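A closer look at the structure
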Protein chains: 2
Amino acid sequence: MTDTARSTTRYGTRPTMKDVAARAGVGLKTVSRVVNGEPGVTPDTERRVQEAITALGFRRNDSARVLRKGRTASIGLVLEDLADPFYGPLNRAVEEVARDHGALLINGSSAEDPAREQELVLALCARRVDGLVIIPAGTDHRYLEPEIAAGVATVFVDRPAGEIEADVVLSDSFGGARDAVAHLIAHGHRRIGFIGDQPRIHTAVERLRGYRAAMDEAGLPVDESWVALGSTEPERVRSAAEAMLDGPAPVTALFSGNNRVTVTVVRVLAGRPRPVALVGFDDFELADLISPGITVVAQDAARLGRTAASLLFRRLDGADEPPQQRVIPTRLIPRGSGELPPPA
Amino acid sequence: MTDTARSTTRYGTRPTMKDVAARAGVGLKTVSRVVNGEPGVTPDTERRVQEAITALGFRRNDSARVLRKGRTASIGLVLEDLADPFYGPLNRAVEEVARDHGALLINGSSAEDPAREQELVLALCARRVDGLVIIPAGTDHRYLEPEIAAGVATVFVDRPAGEIEADVVLSDSFGGARDAVAHLIAHGHRRIGFIGDQPRIHTAVERLRGYRAAMDEAGLPVDESWVALGSTEPERVRSAAEAMLDGPAPVTALFSGNNRVTVTVVRVLAGRPRPVALVGFDDFELADLISPGITVVAQDAARLGRTAASLLFRRLDGADEPPQQRVIPTRLIPRGSGELPPPA
DNA sequence: CTGAAAGCGCTTACAG
DNA sequence: CTGAAAGCGCTTACAG
């Protein structure tokens, strides 16, 4: 049956309310009432309509409905990479909130490319999503102004919007980084390296600021060879780490600026005879099972997502407050690698 | 400006082609031509229309377009949990293929709940997605028959569809499990335990079948206390592992049925004095940095996603072949834990 | 090169 | 309790 049915009814042949109405011998509006569970239909009429619906395999076309209703009951989430485990819990948290509000989630990766971010965001606006949760790749979001003015609720997460005022939900990158570095200092380190993400990324800059603040508060000088911002490609991170460890002013501890950097640094350190202390920004699975366990500054990615999505739906429910900034605290989790002392 | 503009133009006040036409002093169809880059508009007219578009902040409403065009240029992906790192690369791969075909991706988690899967899938059908990629939670997909008959292309991934014929892309669970267990046997083990997912999940059953086949081929008996299928909750896995290790016929090696099981088993083994061999189904980040490195049977999740999405778009492009089944090979990666010998 | 009319599948506003 | 008409914002098919 499948093949024939498929080839003959393949496209555009779905039954409509009009078809159901004709088959049930009622008006269009009556079908609409039954489909939407509105009152004012006799049980007998309702039954006839239900039978026609079942017989024809009718399913309401929500994209027609949307056109009349205004709201699409869908939101967009633009993040950097759907494959990055850091974004999984955030993604899921946004989905749960959307689901609670009866909305679907359209997802996309910017691949850290501002042009791709813009293309994706504007495609979502063209689909008339009710709102957007954006982890920005770009630094200029003025392209969103007409959309926001037209009523597209927009919340930025993890990094702030550029050149426009908008709601934003951030982790405490500065505070978390300062805690991490202060932790290493408290364990006796004086020469500490920082390997972070590209300097155009807000969190990288904030974490560098936290690193400098902790060093400064302890009265420790920072040799500029101890700071390396750049891509998170393994080769770049590896050579940055090696330069710091083997350079003229070798570091005794490293602070890595995000989970991708940490992973590479762990690999580099695993191949070395002498232990080097390490604290990483971002937690990751099994960090406690490596030996020593990796001390991290954990972000609460699920809470980041939940907070952003809740804010979004508050806006959609009509909240008309000025743009807000929410900061989610981080948590230092000691596991061993950050408590290693400097060599005697 | 933002606040006033937002509160006055908040909803439903986006400019339409009609507004653009009025402002540019042209007909509706001319605006449509300019917006869609169709030929047959003089440069001068085009310029006037473009000016009106910019002045009004017009953006074409794709959801109206969709209603006329038939295709929505969107596909749905229903997986188990957006937060699960295993699905990240699959998700991203599906997105990339969708993007190559100009389609957006609507995402959702079934939370391993058949009712929620169905609800989500039917909501996607109501939105008239062109196609669906489904990692099924349920075992009866007859509810999809009218949708498939109406032309919704559907591809199942990771687990087959239940009670209907449909395209499916699977990892070689049976072969991978057999390889894993044969590997342990080759390293001298005779008493090997298997801790897997719930028996209603197809992959769990296939992997159990692979386990039994390998044992059988080696002429080894299987004590039924060595097999435990069930939830992947840490408590369940922990007690299953402990029962096998401390029971009357203690195992010397474990084969864990998926990444969540493996993670818990690694934790259990880390707390034990005597080394126990382990091979896990599914690779995970940093598996090589734990000591010993965790030997795994790796699935190619990205290829799973890419294959499924490509098949989907082939269907959308009119391919009218009978339902296909594609099997993606797995790969055993020895890292140490699977090469541990049994105690002397 | 340009545009008026009809229609996609629903909901809204209204009348009986 | 029921339904005919108008309209959401586009595209299609056609005419000038």
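Residues numbered from 1 in each chain as written. Chains lettered and ligands numbered in written order. Predicted model: local features only at pLDDT ≥ 70, side-chain atom pairs only at ≥ 80, totals over all residues. Heavy atoms only, no water.

When its secondary structure is counted, chain A shows 13 helices and 12 strands. For chain A, whose C-alpha radius of gyration is 27 Å, the value lies well above the compact-globule estimate of 20 Å for 344 residues. Dimensions of chain A, computed from C-alpha atoms along their principal axes, come out at roughly 90 × 50 × 35 Å. Counting all 344 residues of chain A, 56% fall into the buried class. Taking as baseline every contact in chain A between residues at least 6 positions apart, the subset at least 24 positions apart corresponds to 64%. Accessible area of chain A: about 14,100 Å², with a carbon and sulfur share of 51%. Taking the average location of the 42 positive side-chain charges in chain A and that of its 46 negative ones, the two points are 6 Å from each other. (Helix = DSSP H or I, 4+ residues; strand = E, 2+ residues; numbered from the N terminus. Rg over C-alpha atoms; globule rule 2.2 N^0.38 Å. Buried < 20%, exposed > 50% of the residue type's maximum accessible area, 1.4 Å probe, protein only. Contact = heavy atoms within 4.5 Å. Areas by Shrake-Rupley, 256 points an atom, 1.4 Å probe, with all protein chains shown as cover. Lys, Arg positive; Asp, Glu negative; His and termini not counted. Charge placed at Lys NZ, Arg CZ, Asp CG, Glu CD.)

To continue, consider the domain arrangement of chain A. One frequently used descriptor of interface size is the decrease in accessible area upon assembly of the parts. For chain A, the assigned domains are domain 1 (2-60), domain 2 (72-171 + 302-328) and domain 3 (173-299). Each of domain 1 of chain A and domain 3 of chain A has a C-alpha centre, and these two points are 62 Å apart. (Domains from an automatic or database assignment.)

Attention shifts here to the protein's contact with DNA strand C. What surrounds DNA strand C is a group of 25 residues, the closest being Lys29 of chain A together with Thr30, Arg33, Thr45 and Arg68 of chain B. Between Ala64 of chain A and DNA strand C, the recorded distance is 3.4 Å, taken from a backbone N or O atom to a base nitrogen. Within the side chain of Lys69 of chain A, a nitrogen or oxygen atom sits 3.2 Å from a phosphate oxygen of DNA strand C. Residue assignment for the surface near DNA strand C shows that the elements contributing at least two residues are helix H3 (28-35) and helix H5 (62-69) of chain A together with helix H3 (28-35) and helix H5 (62-69) of chain B. Per element, the largest residue contribution to the surface near DNA strand C is 5 residues, and it comes from H5 of chain A. (Near = heavy atom within 4 Å. Polar contact = N/O pair within 3.5 Å; in protein donor to acceptor, adjacent residues only side chain to side chain.)

Here we take up the pairing of strand S1 (residues 74-79) of chain B. Residues and elements named next belong to chain B. Of all 6 residues in S1, 6 are buried; the element is thus mostly enclosed. Alignment of S1 against strand S2 (residues 104-109), held across 6 bridges, turns out to be parallel. Counterpart to Leu77 in the pairing with S2 is Asn107. At this point the chain moves from S1, through helix H6 (residues 87-100), to the parallel S2, and the crossover so formed is right-handed. In this sheet, strand S3 (residues 131-134) lies alongside S1 in parallel orientation, the contact comprising 4 bridges. Within S3, the position partnered with Leu77 by the bridge is Val133. (Pairing = 2+ DSSP bridges. Right-handed = clockwise from strand over helix to strand, strands pointing away.)

All names here are of chain A. Cis geometry marks the peptide bond from Ser291 to Pro292, where omega comes out at -5 degrees. Examined against the element boundaries, Pro292 turns out to sit in the loop between strand S9 (277-281) and strand S10 (295-298). One non-glycine residue, Asp158, lies in the positive phi region at around 80 degrees. Considering the arrangement of structural elements, one finds Asp158 in the loop between strand S4 (153-157) and strand S5 (167-171).

It is worth spelling out the sheet that holds S9 of chain A at this point. Residue and element names in this part refer to chain A. Strand order in this open sheet of 6 strands is S7-S6-S8-S9-S10-S12, and the pairing throughout is mixed. In the strand order of this sheet, the two ends are held by strand S7 (227-229) and strand S12 (331-333), each with one partner. Averaged over all neighbouring strand pairs, the angle between strand axes comes to 15 degrees, with direction disregarded. Pairing between strand S6 (residues 192-196) and strand S8 (residues 253-256): 4 bridges, direction parallel. Across the sheet, residue Gly193 finds its bridge partner in S8, namely Leu254. Packed on one face of the sheet, helix H11 (residues 234-246) meets S6, S7 and S8 and runs near 165 degrees to S6. (Axes fitted to C-alpha atoms, helices over the stretch in contact; angles between N-to-C directions.)

Considering the arrangement of structural elements, one finds Thr232 of chain A in the loop between S7 and H11. Excluding anything up to four places from it in sequence, Thr232 of chain A contacts Asp197, Val237, Asn258, Arg260 and Val261 of chain A.

In this section: the packing of H3 of chain A against helix H4 (residues 43-56) of chain A. Residue and element names in this part refer to chain A. Viewed as axis vectors pointing N to C, H3 and H4 meet at an angle of 85 degrees, and their least axial separation amounts to 10 Å. Between H3 and H4, the interaxial angle falls into the category roughly perpendicular. In contact with Thr30, Val31, Val34 and Val35 of H3, H4 contributes Thr45, Glu46, Val49, Gln50 and Ile53. Residue composition of the contact of H3 with H4, by class: 5 nonpolar, 3 polar and 1 charged. (Parallel < 35°, antiparallel > 145°, perpendicular 65-115°, else oblique. Nonpolar A, V, L, I, M, F, W, Y, C, P; charged D, E, K, R; others polar.)

The next subject is the pairing of S9 of chain A. All names here are of chain A. By the criterion of burial, S9 is predominantly enclosed, with 5 of the 5 residues buried. Covered by surrounding structure in S9 are Ala277, Val279 and Phe281 together with Leu278 and Gly280, the residues of both alternating faces. In this view, the connection linking S8 to its parallel neighbour S9 by way of helix H12 (residues 259-270) has right-handed handedness.

Further remarks concern the environment of Val121 of chain B. Residues and elements named next belong to chain B. In this structure, Val121 sits in helix H7 (residues 114-126). Overall, the relative accessible area of 0% leaves Val121 in the buried class. Expressed as a C-alpha distance, the spacing of Val121 and Thr13, which sit 108 residues apart in the sequence, is 32 Å. Contact partners of Val121, with chain neighbours within four places excluded, come to Val78, Leu132, Ile134, Tyr143 and Leu144.

Placing chain A over chain B gives an RMSD of 0.0 Å and needs a rotation angle of 180 degrees, together with 0.0 Å of translation along the axis. Those values place the two copies in the arrangement expected of a two-fold rotation axis. Most of the interface of chain A is mirrored in chain B: 99% of its interface residues are interface residues there too. (Least-squares fit on C-alpha atoms with pLDDT ≥ 70 in both.)

All names here are of chain B. In the structure shown here, the tally under the stated rule is 61 salt bridges over all chains. Between Arg159 and Glu80 there is a salt bridge; the shortest N-O distance is 3.8 Å. Of this pair, Arg159 sits in the loop between strand S4 (153-157) and strand S5 (167-171) while Glu80 sits in the loop between S1 and H6, and the two are 79 residues apart along the sequence. The burial state of Arg159 is the same as that of Glu80; both residues are buried. (Salt bridge = Lys/Arg side-chain N within 4 Å of Asp/Glu carboxyl O.)

Buried together is how nonpolar side chains tend to be arranged in soluble globular proteins. Counting residues in hydrophobic clusters, the biggest one holds 93 residues, and the most contacted among them are Leu254 of chain A together with Leu254 of chain B. Not counting chain neighbours up to four residues away, the residues in contact with Leu254 of chain B comprise Leu184, Gly193, Ile195, Ala241, Met244, Leu245, Val265, Leu269, Val276, Ala277, Leu278 and Val279 of chain B. The next biggest cluster of nonpolar side chains, apart from the first, holds 42 residues, and it includes Leu122 and Val152 of chain A together with Ile164 and Ala166 of chain B. (Core = buried A, V, L, I, M, F, W, Y, C linked by side-chain atoms within 4.5 Å.)

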